[in-house]
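Structural features, examined
Spelled out, the chains give:
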Amino acid sequence: MPSGRSLGHNNGTSVHTDPHLLGTGAFRYGHSAEVRGVIVAASSRSTDQDLYEASRLAAELVEEIAARHHEYEWRHGETDWLSPDEQPSALYNEMLAWFPDHGDD
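Residues numbered from 1 in each chain as written. Predicted model: local features only at pLDDT ≥ 70, side-chain atom pairs only at ≥ 80, totals over all residues. Heavy atoms only, no water.

1. Section: the pattern of salt bridges
Here is the rule we go by: The working definition used for a salt bridge is a side-chain nitrogen of Lys or Arg within 4 Å of a carboxyl oxygen of Asp or Glu. Secondary structure follows DSSP: runs of H or I at least 4 residues long count as helices, runs of E at least 2 residues long count as strands, and numbering of each begins at the N terminus. When accessible area is computed with a 1.4 Å probe and restricted to protein chains, residues below 20% of their type maximum are described as buried, those above 50% as exposed, and intermediate ones as partly exposed.
As enumerated under the stated definition, the model contains three salt bridges in all. The salt bridge partner of Glu-60 is Arg-56, with a shortest N-O separation of 3.5 Å. Of the two residues, Glu-60 and Arg-56 both sit in helix α3 (residues 47-76), four residues apart, roughly one turn of that helix. You can call Glu-60 partly exposed: its relative accessible area is 43%. In this structure, Glu-71 and Arg-75 form a salt bridge, with 3.1 Å as the shortest nitrogen-oxygen distance. Of this pair, Glu-71 and Arg-75 both sit in helix α3, separated by four residues, roughly a single helical turn.

Now the structure itself:
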């Protein structure tokens, strides 16, 4: 069953505009909400309640992530990378290793 998060958009809207994107048995009538790039879905008693619950949950999650980020910066100072040595981790470097290096262009 695809959700708003797996398809990258709100199933509650897709049921009216893009039903071909929803598989058989998909959660069609609940709404998801996107807050600053975070998609959250909820299942309540009505579609309006779903949208309200999802938007509040997403907002609270984004606020908590931001608070923890600010707390880290307060302890360590502002950095480009959230690491003690201000360098990307080896994992990030591995993920980008395929990208061509353009040098000083």
